[in-house]
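# Structural characterization, general
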2 protein chains.
Amino acid sequence: MSKPVLAPASGTRDFLPADMQRRLDAFAIVRRCFEAHGFLPFDTPCFERVETLTGKYGDEGEKLIFKILKRGEALERAEPGELADMALRYDLTVPTMRAVAANRHKLPKVFKRHQIAPVWRADRPGKGRFREFYQCDVDVVGAPAGLADIEVLSAMTAAIAGLGFAGYEIRLNSRKILKGMMIAYGVPEALHGGAVVALDKLDKIGIEKLPEELASQGLAPEQAEPLVRDLGAPDFAAVLRQKLSAEPTGSAGLAEVDQILSALTGTIEGGSIRFDPTLARGLDYYTGAIFEFVTPAYGGSIAGGGRYDGLTEMFGGQSEPVCGGSLGIERILMLTEAATADPLGPTAYVTVWDPAARDRALALVRAVRAAGVSAELDLLGGKLGNQMKLAAERRCRTVLIQGPDDVAAGVVQVKDLASGTQTSVPLADVPAHLAGLP
Amino acid sequence: MSKPVLAPASGTRDFLPADMQRRLDAFAIVRRCFEAHGFLPFDTPCFERVETLTGKYGDEGEKLIFKILKRGEALERAEPGELADMALRYDLTVPTMRAVAANRHKLPKVFKRHQIAPVWRADRPGKGRFREFYQCDVDVVGAPAGLADIEVLSAMTAAIAGLGFAGYEIRLNSRKILKGMMIAYGVPEALHGGAVVALDKLDKIGIEKLPEELASQGLAPEQAEPLVRDLGAPDFAAVLRQKLSAEPTGSAGLAEVDQILSALTGTIEGGSIRFDPTLARGLDYYTGAIFEFVTPAYGGSIAGGGRYDGLTEMFGGQSEPVCGGSLGIERILMLTEAATADPLGPTAYVTVWDPAARDRALALVRAVRAAGVSAELDLLGGKLGNQMKLAAERRCRTVLIQGPDDVAAGVVQVKDLASGTQTSVPLADVPAHLAGLP
């Protein structure tokens, strides 16, 4: 038999205690921030019917969906293109919209949900890019543009601050502004989508290569020229504001963006917010404000989201205003300080003097835990020195020793591992002594 | 377009806020109990290489593994029997043993891990039986029989008590006792496995049908007769103890079981423990003590586990003693009181008097949250009565109102939704007032 492969599957990770502790702590912080903002916990299954996910993420996204093989007779009967009946969720948004459509009557009128859960993408693994990773989402269903968008951003910025991350900028735009921009610069409607895709690449390719990119999207040089010229101006945002003043869709988008800017500018702990009329974001379904959190420390966004009114219609639900955002928690964990040591162990490590002392040790560990104090029991029963080493390896705070003299005197030796001091404590007082440690 | 199916995939569930809150609370209780017993958090990916899982669960189990379709060219090249490269985890034990083998040098000598995570089985869905469900596992790697088994059972019983469940019995046996029993009753070694399988069905089929069951496993009537006769005795356990006194494997098993009984009898909150020499448990890999938690309230076990020394060898690791157990948390949640209402909402619901008052409302909600008080902001801006209704629907504790007179007087009306009383609080004192509510 060949030696089995012990590494986890490509793009996935095992989490040993130090890392797992850090992740659980981070998830708890994010959850607390989201709930302080009134978002309720919510979850959907890890897999969905294939048809629930197809047609939602564009061709590139769709290729990355992990599909689950049919089983038994269904597999034997299956045509080559229909081997799978279910698929792992690719994001939290689409399954949530399905579940909201299914349960709308059971949910509050304004439904604010949060979800901290894994998603799967068959992407090429790389630094900070995994095939299994967690997302932390908030969404508001049933509230129009304005305060709802501000609340989504407030919850996300609070969570990032809670995680101890600082030094990011929120790029804010609106799909309505992009639409108005296309109209104002005379781009033919059929080319709006392509022009926006080109624009979205501006910060990667630079203004020099933009005409080429716009041409590849089908814009003639004279159609691209006015936009490219103004984009090269020192303050394009101001130029655009002027230009949109007479264009209704763009003006509406500007008013929404300005409301968000006015509410959040100067209030974000560790971050800032800026209007960026070139931000487009990839997904088709956005309809209003869109945003991306970027940081110089990472060549990509650490969070993003926007308004996608009407997405619930895809599932036959009523058309409803929705906006939401997603924290890239894996990236934020990567950018904040890494775990270095195993988590602190229990308060007490109860040693076992010899095999005859097992019941005594069991009674002590039980009494300590009954007082709400975490405790570890030695399971190997070796020499006291070896037991002390195991206690140190587990990073316990104290070691409890019951030698024959201690038993005769009715006491327990409580040794503090950090200071090395040893205190003789009457047996019955040990739980209270440990519970009272500062 | 046909109307999309809105229900989650067969055997899976959406969790709306009330249920999700209850699940998260339950997981937190279990985690706290496990960690108070010195078990460390740990996780593995949701999917593994197919070969990591195959050959571990028996033929019946293997059919229930969800496999993930290969992608792109790998799928085009794949033979019909090799369409999948990965599979969703079927339990937490096997992936953990792989991860332990891969990381043994980074883990403590005695490694106690807990894991609260979903697993997937393509089982026929039924009451309390799902295709996606959580397990809550504890395992001790690297400690021999005795205290380690007791610690596993202590952590599990503490978690069940923490969840508020009572009225169960732990059936305890040992694979060594079963082995000794087969030897003592003269069952030929080749038939040991089959005889144990038959024995495991005893409490379902009754003593009358046991001879038939043993015959179907290949035992001749004269081979089955002595065992069947003694099993019908009023106290088979006592008869067996006598019978095993001269048989080394069985005696060793009895000594281990007696140590566990002696440590736990009378100490289990809400439960009891009993030696049951007919308990066998399905999986092949057990080597020592085995146990199952049964309750009259449910026709099946709510937890189980045992010792499986050497399982890490399957992954090329060193042979190590291991024992562990798994809580059937879904069943325990089903058997304990169901959630009836949405979780309590935030402490404060900040109303918005009119559109011109938005900034004032935003400033107030921000100040309240900054004081560590959870707060909801009205997002619809309707009549005050409607905002009050939304606050009640969200189960908020107080509603904050800033009418024109209040603004002029520099106060906020704080209305307690339960009592209906309204207090006029100076604006600057509102966060402290809310934080100080009993």
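Structure: above.
Below, the structure is looked at part by part. (Residues numbered from 1 in each chain as written. Chains lettered and ligands numbered in written order. Predicted model: local features only at pLDDT ≥ 70, side-chain atom pairs only at ≥ 80, totals over all residues. Heavy atoms only, no water.)

### Some details on the overall build of chain A
We apply this condition: Elements are defined by DSSP. Helices are runs of H or I of four residues or more, strands are runs of E of two residues or more, and each kind is numbered from the N terminus. Both definitions apply: the radius of gyration is a C-alpha atom measure, and the globule rule equals 2.2 Å times residues to the power 0.38. Each residue's exposure class comes from its accessible area (1.4 Å probe, protein chains only) as a fraction of the maximum for that residue type: buried when under 20%, exposed when over 50%, partly exposed otherwise. In this description, contact between two residues means that some pair of their heavy atoms is separated by no more than 4.5 Å.
A count of helices and strands for chain A gives 18 helices and 16 strands. In terms of overall size, chain A is more extended than a compact globule, its C-alpha atoms giving a radius of gyration of 29 Å where 438 residues would be expected to give roughly 22 Å. In terms of its C-alpha atoms, chain A occupies a principal-axis envelope of roughly 95 × 60 × 45 Å. A buried classification covers 55% of the 438 residues belonging to chain A. Counting only contacts in chain A whose residues sit at least 6 apart along the sequence, the fraction spanning at least 24 positions is 67%.

### Focus: the interface of chain A and chain B
Let me state the cut-off plainly: Note on definitions: buried area is the accessible-area loss of two parts on being combined, 1.4 Å probe, summed for both. Salt-bridge detection follows one rule: a side-chain nitrogen of Lys or Arg within 4 Å of a carboxyl oxygen of Asp or Glu.
Across the contact, 95 residues belong to chain A and 95 residues belong to chain B. Roughly 8,000 Å² is buried in total at the junction of chain A and chain B, and carbon and sulfur atoms are behind 64% of that figure. When the area that chain A buries against chain B is broken down by residue, the three leading residues are A:L6, A:L147 and A:L379, summing to 9%. At the boundary of chain A with chain B, the tally comes to six salt bridges. A salt bridge links A:R369 to B:E151, with the shortest nitrogen-to-oxygen separation between them at 2.6 Å.

### Regarding the nonpolar core
Heads up, the condition is: Put simply, buried Ala, Val, Leu, Ile, Met, Phe, Trp, Tyr and Cys residues joined by side-chain atoms within 4.5 Å make one nonpolar core.
Counting 234 residues, the largest nonpolar core has A:F293, A:L327, A:L400, B:F293, B:L327 and B:L400 as the members making the most contacts within it. Once you skip the residues sitting within four places of it in the chain, B:F293 turns out to touch B:L153, B:M156, B:T157, B:I160, B:Y168, B:E169, B:I170, B:G300, B:S301, B:I302, B:A303 and B:G304. Formed by 18 residues, the second largest nonpolar core is a distinct cluster that contains A:M86, B:A9, B:M86 and B:A122.

### Some points on the packing of helix 11 (residues 221–231) of chain A against helix 12 (residues 236–244) of chain A
Residues and elements named next belong to chain A. To keep things clear, this is the line we draw: Note on geometry: axes are C-alpha line fits, over the in-contact stretch for helices, and angles between N-to-C directions span 0 to 180 degrees. Any angle between 65 and 115 degrees counts as roughly perpendicular, while under 35 counts as roughly parallel, over 145 as roughly antiparallel, and the rest as oblique.
One way to put it is that helix 11 packs onto helix 12 with a least axis distance of 8 Å and a crossing angle of 130°. Taken together, the axis directions place helix 11 and helix 12 in an arrangement best described as oblique. Contact with helix 11, carried on its side by L227, D230 and L231, involves F236, V239 and K243 of helix 12 and no other residues of that element.

### Looking at the sheet that holds strand 9 (residues 289–295) of chain A
All names here are of chain A. This is how it is decided: Pairing between strands requires that DSSP locate at least two bridges from one strand to the other.
Read across the open sheet, the eight strands follow the order 1-5-6-11-10-9-7-8; overall the sheet is mixed. Strands at the two margins of the open sheet, each flanked by one partner only, are strand 1 (40–41) and strand 8 (271–275). Across five bridges, the pairing between strand 7 (residues 168–174) and strand 8 is parallel. Each bridged residue has a counterpart across the sheet, and for R171 the counterpart in strand 8 is R274. In the packing of helix 13 (residues 248–264) onto the sheet, the strands contacted are strand 7, strand 8 and strand 9, and the crossing angle to strand 8 comes to about 160°.

### Section: the relation of the copies chain A and chain B
Going by this rule: Least squares is the method used to superpose the copies, on C-alpha atoms of residues holding a pLDDT of at least 70 in both.
The two copies are related by a screw operation: chain A maps onto chain B through 180° of rotation and 0.0 Å of translation along the axis, at an RMSD of 0.0 Å. Both copies of the chain, as the preceding transformation shows, are related through a two-fold rotation axis. Among all residues of chain A, the minimum C-alpha distance to the rotation axis is found for A:I68, at 2.2 Å. Looking at the interface residues of chain A, 100% of them are also at the interface in chain B, so both copies use one shared face.

### Considering helix 11 of chain A
Where helix 11 of chain A is concerned, the buried positions are A:A224, A:P226, A:L227, A:V228, A:D230 and A:L231. In this fold, the buried residues of helix 11 of chain A make contact with helix 7 (175–184), helix 8 (192–200), helix 9 (202–205), helix 10 (210–216) and helix 12 of chain A.

### Concerning the environment of A:G317
Residues and elements named next belong to chain A. Turning to its location among the elements, G317 is positioned in the loop between strand 10 (298–307) and strand 11 (322–327). By relative accessible area, G317 is classed as partly exposed at 24%. For G317 and G164, which are 153 residues apart along the polypeptide, the C-alpha to C-alpha distance reads 39 Å. Look past the residues within four positions of G317 in its chain and what remains in contact with it is A101 and T312.

### With respect to the sheet that holds strand 6 (residues 132–141) of chain B
All names here are of chain B. Spatially, eight strands are ordered 1-5-6-11-10-9-7-8 in an open sheet, and the strand pairing comes out mixed. For this open sheet the edge positions go to strand 1 (40–41) and strand 8 (271–275), each flanked by a neighbour on one side alone. The pairing of strand 10 (residues 298–307) with strand 11 (residues 322–327) spans five bridges and is classified as antiparallel. When the bridges of strand 11 are listed, G306 appears paired with G324.

### Some points on the side chain of A:R13
Note the cut-off: A 3.5 Å cut-off defines polar contacts: any pair of N or O atoms within that distance qualifies, except that in protein one atom must be a possible hydrogen donor and the other a possible acceptor, and neighbouring residues in sequence count only when both atoms are side-chain atoms.
The residue A:R13 is located in the segment before helix 1 (17–36) in this model. A distance of 3.4 Å separates a polar atom in the side chain of A:R13 from the backbone oxygen of A:E132. In this structure the side chain of A:R13 is engaged in a polar contact, spanning 3.1 Å, whose partner is the side chain of A:E330. A:R13 has contacts with A:P8, A:R23, A:F130, A:E132, A:F133, A:E330, B:T44 and B:P45, leaving out every residue within four places of it along the chain.

### Thoughts on the pattern of salt bridges
With the rule as written, the count across this model stands at 58 salt bridges over all chains. B:R274 is the salt-bridge partner of B:E169, the closest N and O atoms lying 3.1 Å from each other. Note that B:E169 is positioned in strand 7 (residues 168–174) and B:R274 in strand 8, a separation of 105 residues in sequence. Judged by its relative accessible area of 24%, B:E169 is partly exposed. Judged by its relative accessible area of 37%, B:R274 is partly exposed. Between B:R281 and B:E292 there is a salt bridge; the shortest N-O distance is 3.0 Å. Here B:R281 is found in the loop between strand 8 and strand 9 (289–295), whereas its partner B:E292 is found in strand 9, with 11 residues between them in sequence. For the pair formed by B:R281 and B:E292, the shared burial category is buried. A single network of salt bridges, built from pairs that share partners, joins A:E169, A:R171, A:D203, A:R274, A:D276, A:R281 and A:E292.

### Quick notes on unusual backbone geometry
Of note in this structure, A:R395 is not a glycine but carries a positive phi near 55°. Within the secondary structure, A:R395 sits in the loop between helix 16 (384–393) and strand 14 (398–401).

### Some words on the packing of helix 7 of chain A against helix 8 of chain A
All names here are of chain A. Note the cut-off: Crossing handedness: left-handed means the near helix sits turned counterclockwise from the far one by under a right angle, and right-handed means the same turn made clockwise.
Where helix 7 meets helix 8, the axes come as close as 10 Å, and the angle between the chain directions of the two elements is 110°. Looking at the two axes, helix 7 sits roughly perpendicular to helix 8. Crossing hand, helix 7 versus helix 8: right-handed. Residue-level contacts link L178, K179, M181, M182 and I183 of helix 7 to H192, A195, V196 and L199 of helix 8.

### Regarding the packing of aromatic side chains
Applicable threshold: Under the pairing criterion, centres of Phe, Tyr and Trp rings, with the six-membered ring standing for Trp, must be within 6.5 Å; the plane angle then separates stacked pairs below 30 degrees from edge-to-face pairs above 60, leaving the rest tilted. The criterion for a charge sitting over a ring is simple: Lys NZ or Arg CZ within 6 Å of the ring centre, and within 35 degrees of the ring normal.
Taken as a whole and assessed by the stated rule, the structure comprises 20 aromatic pairs over all chains. Aromatic side chains A:Y285 and A:Y308 sit 5.2 Å apart centroid to centroid with 50° between the ring planes, which places their arrangement in the tilted category. Here A:Y285 is found in the loop between strand 8 and strand 9, whereas its partner A:Y308 is found in the loop between strand 10 and strand 11, with 23 residues between them in sequence. Members of the aromatic cluster, each reached through a chain of ring pairs, are A:F165, A:Y168, A:F291 and A:F293. For the cation-ring pair, B:R23 lies above B:F15, with the distance from its terminal atom to the ring centre recorded as 4.0 Å. Across the ring face of B:F39, the terminal group of B:K112 is positioned such that the distance to the ring centre comes to 4.7 Å.

### Points about the environment of B:L377
Along the chain, B:L377 turns up in strand 13 (residues 375–377). Between the C-alpha atoms of B:L377 and B:L199, which are 178 residues apart in sequence, the distance is 63 Å. When near neighbours in sequence (up to four residues on either side) are disregarded, B:L377 contacts A:L147, A:E151, B:V350, B:V352, B:A361, B:L362, B:V365 and B:R369.

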